[in-house]
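Observations on the three-dimensional arrangement
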Amino acid sequence: MGDIAFDFEKESDVFEFVVKKGHGVKGLADTGLTTVPPRYIHPPSERIDRKDTIDSAPFLSSPIDISALLEEGDVDSEKRSEVSKKLCEAAEKLGFFQVVNHGVSHEVMENAKRAAHFFFNQPRERKLAYSKENSPCPTHVFCGTSFSPQAEKSLEWKDYLSMVYIFDDEHVRKFWPEECRDAAVAYLKSADKMILAMLSALLKGLGVEIDDSTIRSYTGARAVNMNFYPPCPNPDLTVGVGRHSDLAALTILLQDDIGGLFVRAQDKGWIEIPPVEDALVINVGDTLEILSNGRYKSAEHRALASNTRARVSVPIFVSPIPPTPVGPLPGLAEKDGKTVYRQMLFGEYMENYFGNGHQGKATLDFAKV
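Residues numbered from 1 in each chain as written. Predicted model: local features only at pLDDT ≥ 70, side-chain atom pairs only at ≥ 80, totals over all residues. Heavy atoms only, no water.

- Looking at an unreviewed UniProt entry, one finds the protein chain named Fe2OG dioxygenase domain-containing protein, with Papaver somniferum as its source organism.

Below, the structure written as structure tokens:
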């Protein structure tokens, strides 16, 4: 690493190198270290061991073919209702499910994964140009490492690039990194129809009146993240991502063939979501749990790095814009006989969510009545 000489046993040196100097975990891995530094070692209770997982069959449905939701014109209403029912059941049971025939092509998905690898294998200086301190638009395009390094006792073995689509294509062309811009936009736009169809099915499946403009208001901000997990010498001692539930209404996750995504199945234990070729992983976020008055579940999940290959994942986070009111949909509390979550602006919840490190589902306590 040239003129850089850090003692990776010292937590201050690791933080300086990875976070402040902007080398990220990729730079740390490139030094050739043979064990993770202490700052990356997590308590035993937070570590991930595949041997500790439970059978996913009682909780995870087979991939759901959602083609009937995407067809236009005269369609088989019975088939569409059947697909909607499967989505609602999966959202209530686990909060995670996989979909196929979703309208995003194999080529678009492969290009997104290749773009993630390409971006993070560039020199540090190129990635540093998109740090929150240097980004040409830091609220909508930024590169970082871990989730909230300043707030975390143990860091996560992950670097990421976050690109928020909230304006228009001109804004994207001006500010997003050209190395991955086209691939990210193609992925995002290919998923648009699927996102609206699934969210509509889920919200209407709650049995209350809701119009299409209100549904669309919960999708006003879309963020494409490119997550990069370098090869890790001791994946059993650290985590790629710690326990958390997502902020969004829905997350659309493209994972590679390495695997390593784990979800808490109620209070029974952890299951692994296996990679399925050309399938996308969908999960309920905190916002949708709030809108559903707790019927749909934003399950805790976490990720494991690999000791052999760099792992990538490319999620789309679908959220309202900050001024949007969120709370149980009108009529749900009366149907359920209770009110689980209060009314608030999405921006309030977002500020609380990002103000702390990952903490499982404790962030939802902020929204409870």
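1. Brief notes about the packing of aromatic side chains
- Inspection of every chain in the model, using the stated rule, returns 10 aromatic pairs.
- Pairing Tyr353 with Phe354 gives two aromatic rings, centres 5.2 Å apart and planes at 80°, and the pair type is edge-to-face.
- Residue class for Tyr353 comes out buried when judged on its relative accessible area of 6%.
- Positioned above the aromatic ring of Tyr229, the side-chain terminus of Arg311 is 4.8 Å from the ring centre. (Phe/Tyr/Trp six-rings, centres within 6.5 Å; stacked < 30°, edge-to-face > 60°. Buried < 20%, exposed > 50% of the residue type's maximum accessible area, 1.4 Å probe, protein only. Lys NZ or Arg CZ within 6 Å of the ring centre and 35° of its normal.)

2. Side note on the packing of helix 5 (residues 106-120) against helix 8 (residues 178-204)
- As a packed pair, helix 5 and helix 8 sit with axes 9 Å apart at the nearest point and diverge in direction by 145°. Where helix 5 crosses over helix 8, the two elements pack in a sense that is left-handed. Contact with helix 5, carried on its side by Val108, Asn111, Ala112, Ala115, Phe118 and Phe119, involves Glu179, Cys180, Ala183, Ala186, Tyr187 and Ser190 of helix 8 and no other residues of that element.
- Its residues placed into classes, the contact of helix 5 with helix 8 shows nine nonpolar, two polar and one charged. (Axes fitted to C-alpha atoms, helices over the stretch in contact; angles between N-to-C directions. Helix = DSSP H or I, 4+ residues; strand = E, 2+ residues; numbered from the N terminus. Left-handed = near helix turned anticlockwise from the far one by under 90°. Contact = heavy atoms within 4.5 Å. Nonpolar A, V, L, I, M, F, W, Y, C, P; charged D, E, K, R; others polar.)

3. Remarks on the sheet that holds strand 11 (residues 301-303)
- If you trace the four strands from one edge of the open sheet to the other, you get 6-11-8-9, paired in antiparallel fashion. With partners counted over all chains shown, the strands left at the sheet margins are strand 6 (241-244) and strand 9 (269-272), one partner each. For this sheet, the mean inter-axis angle between neighbouring strands, taken without regard to orientation, is 20°.
- Inspection of the sheet shows strand 8 (residues 261-265) paired to strand 11 by three bridges, in the antiparallel sense. (Pairing = 2+ DSSP bridges.)

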